[in-house]
Amino acid sequence: MELTIDRNSDPRYIGKNLLQNSKTWQQELAEGFNNIDDICEYLNISQADKTLLPSSSTFPLRVPREFVARMEKGNINDPLLKQILPTKNENISASGFSNDPVGDINAITEAGVIHKYQGRVLLITTGSCAINCRYCFRRNFPYSDFQLSTKKHQKAINYIQNRSDISEVILSGGDPLLLNEQKILGLMQQLQAIPHIKRIRIHSRIPIVLPSRITAELCNGLSKIKKELVLVAHSNHANELNSKVRSAFEDLKEANVTLLNQAVLLKGINDDSQQLIELSEKLFSMGVLPYYLHLLDRAAGTAHFETSENQAIALMNQLKKNLPGYLVPKLVREQAGAESKTIIA
Ligand SMILES: *Cc1c(COP(=O)(O)O)cnc(C)c1O
Ligand code: SF4
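J.: Help me understand the overall build of the protein, please; the structure alone is not making it clear to me.
T.: What the protein contains, in helices and strands, is 13 helices and nine strands. Dimensions along the principal axes, computed over C-alpha positions, put the protein at roughly 60 × 55 × 45 Å. For the protein, with 345 residues in total, the buried portion stands at 53%. Looking at the protein alone, contacts between residues at least 24 apart form 80% of all its contacts between residues at least 6 apart. When the accessible surface of the protein is totalled, it reaches about 15900 Å², and 47% of it is carbon and sulfur. Computed over 40 positive and 36 negative side-chain charges, the separation of the two mean positions in the protein equals 4 Å.

Here you go:
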């Protein structure tokens with residue numbers, strides 16, 4: 001028998017996941033993998049592999065189980081696994097790779113906002129993420145000094161209030177959707193009260209890595225915010241996009257959120273035109289437009305993920321040849337001190 005469900009009246013119908021998945025997203029988060037032994041055992045990968053880095057105290061392994069479930073068992077080169085598995089390559093020091101490759105530390109104002117570009121400010125709402133991506137510049141970032149405490153929070157709001165040239169606020173981190181409903185919606189309501197703010201943008205990898213966090217309560221709250229809302233998700237590979245991710249995007253879309261995606265070009269993971277084409281097409285089938293393809297930020301410990309700029313341009317030429325223009329992301333690099341992202345192609 002087929003179940004028919006009225007999503008507006010049936011309380012079981014949360015984010016289109018029926019009760020069979022009755023864990024809260026907080027439980028899912030708490031039960032994620034946090035060490036190499038467990039994940040290798042689950043994926044049938046030999047722990048004798050000498051390339052792995054058993055522990056990293058400053059940037060530990062962290063990944064939700066539902067993301068790991070999309071990996072291929074027994075394949076140490078799985079493109080999703082490679083994004084989260086600590087390897088000894090991280091100990092290689094390479095020239096040009098540093099702890100603050102994009103100049104964020106210098107751009108932080110006293111009020112705790114990062115104001116690098118005209119008209120847009122970025123708020124570090126939390127230093128945590130649901131997943132630790134090995135290539136991320138966040139691995140070396142001194143978050144405890146910068147994230148919004150209750151005291152800094154009001155300072156940041158005041159800063160935005162006093163600068164009528166700011167029209168867009170970007171909630172970033174870490175991952176802003178790790179905040180609970182009260183905190184994230186409360187912050188958005190404060191921003192909503194500022195007349196010169198036109199848009200509120202969320203930068204989050206959570207719809208991809210922990211789609212259960214896109215709850216009905218969150219979407220309901222978002223749908224009531226009277227500003228233009230944009231969510232920039234972060235998916236690097238089509239294998240990341242499954243039916244749960246699709247449901248999360250559908251729910252966000254119903255809440256009137258414009259959906260975009262940014263990806264990072266990563267050696268051995270998505271530096272392949274067929275993969276990038278598939279990513280763009282699959283995102284679009286889920287209502288998401290490709291926005292940026294980033295060249296790697298040169299954070300210490302990430303050199304093994306870097307592709308050359310020439311290779312990136314060649315890949316972009318393949319994308320342009322094979323996709324409609326609106327499915328081709330902009331290839332960009334973030335340069336310390338620049339007034340915007342630098343468009344390469
Ligand atoms: C990337 C970024 C933005 C947003 O740039 P867009 O080109 O508008 O997407 C804003 N502030 C900071 C600090 C950034 O790093
Ligand atoms: S900020 Fe984004 S890329 Fe970096 S660890 Fe968090 S989710 Fe991954």
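Picking up where we left off.
J.: So what exactly am I meant to see when it comes to the site of ligand 2 here?
T.: Close to ligand 2 lie Cys-129, Ile-131, Cys-133, Cys-136, Arg-138, Arg-205 and His-234. Of the residues that constitute the shell around ligand 2, the class distribution is four nonpolar, one polar and two charged.

J.: Explain the pattern of salt bridges here, please?
T.: Here the idea is simple: oppositely charged side chains can pair when their charged atoms come close. With the rule as written, the count across this model stands at 13 salt bridges. Between Glu-181 and Arg-213 there is a salt bridge, with its nearest N and O atoms 2.9 Å apart. With a gap of 32 residues between them, Glu-181 in helix 8 (residues 181-192) and Arg-213 in the loop between helix 9 (206-209) and helix 10 (216-223) connect regions that are remote in the sequence. On the basis of relative accessible area, Glu-181 is assigned to the buried category, the value being 9%. Under the relative-accessibility criterion, Arg-213 is labelled buried at 0%. Between Glu-306 and Arg-298 there is a salt bridge, with the nearest N and O atoms lying 2.8 Å from each other. Take Arg-298: its relative accessible area is 33%, and that puts it in the partly exposed class.

J.: I tried to follow the packing of helix 7 (residues 150-162) against helix 8 on my own but got confused; where do I start?
T.: Helix-helix packing is characterised by the crossing angle of the two axes and by the distance between the axes. For the pair helix 7 and helix 8, the least separation of the axes is 10 Å and the interaxial angle reads 25 degrees. Relative to helix 8, the element helix 7 is oriented roughly parallel. The handedness of the crossing between helix 7 and helix 8 is right-handed. Between helix 7, through His-153, Gln-154, Ile-157 and Ile-160, and helix 8, the contact on the second element is made entirely by Leu-187, Gln-190 and Leu-191. Here the residues of the contact of helix 7 with helix 8 are counted per class, giving four nonpolar, three polar and no charged.

J.: Even after reading the chapter, I still don't get the packing of aromatic side chains, so can you show me in this structure?
T.: When we look at a pair of aromatic rings, we describe it by the centre distance and by the angle of the planes. Under the definition given, this model contains four aromatic pairs. Seen from their ring centres, Tyr-135 and Phe-305 are 6.1 Å apart, and the 85 degrees between their planes marks the pair as edge-to-face. One end of the pair, Tyr-135, is in the loop between strand 2 (120-124) and helix 6 (143-146); the other, Phe-305, is in the loop between strand 7 (289-294) and helix 13 (309-322), and 170 residues separate them in sequence. Pair check on accessibility: Tyr-135 and Phe-305 agree, each one buried. Arranged with centres 5.5 Å apart and planes meeting at 55 degrees, the rings of Phe-284 and Tyr-326 form a pair that is tilted. With Phe-284 in helix 12 (residues 273-285) and Tyr-326 in the loop between helix 13 and strand 8 (330-333), this pair connects stretches of sequence that are 42 residues apart. Overall, Phe-284 belongs to the partly exposed group, its relative accessible area being 39%. A cation over an aromatic ring shows up here: Arg-65 above the ring of Phe-33, its NZ or CZ 4.1 Å from the ring centre. One Lys or Arg, Lys-73, reaches over the ring of Tyr-42 and ends 4.3 Å from the middle of that ring.

Here is what the cut-offs are and how they apply
- Residues numbered from 1 in each chain as written.
- Chains lettered and ligands numbered in written order.
- Predicted model: local features only at pLDDT ≥ 70, side-chain atom pairs only at ≥ 80, totals over all residues.
- Heavy atoms only, no water.
- Helix = DSSP H or I, 4+ residues; strand = E, 2+ residues; numbered from the N terminus.
- Buried < 20%, exposed > 50% of the residue type's maximum accessible area, 1.4 Å probe, protein only.
- Contact = heavy atoms within 4.5 Å.
- Areas by Shrake-Rupley, 256 points an atom, 1.4 Å probe, with all protein chains shown as cover.
- Lys, Arg positive; Asp, Glu negative; His and termini not counted.
- Charge placed at Lys NZ, Arg CZ, Asp CG, Glu CD.
- Near = heavy atom within 4 Å.
- Nonpolar A, V, L, I, M, F, W, Y, C, P; charged D, E, K, R; others polar.
- Salt bridge = Lys/Arg side-chain N within 4 Å of Asp/Glu carboxyl O.
- Axes fitted to C-alpha atoms, helices over the stretch in contact; angles between N-to-C directions.
- Parallel < 35°, antiparallel > 145°, perpendicular 65-115°, else oblique.
- Left-handed = near helix turned anticlockwise from the far one by under 90°.
- Phe/Tyr/Trp six-rings, centres within 6.5 Å; stacked < 30°, edge-to-face > 60°.
- Lys NZ or Arg CZ within 6 Å of the ring centre and 35° of its normal.

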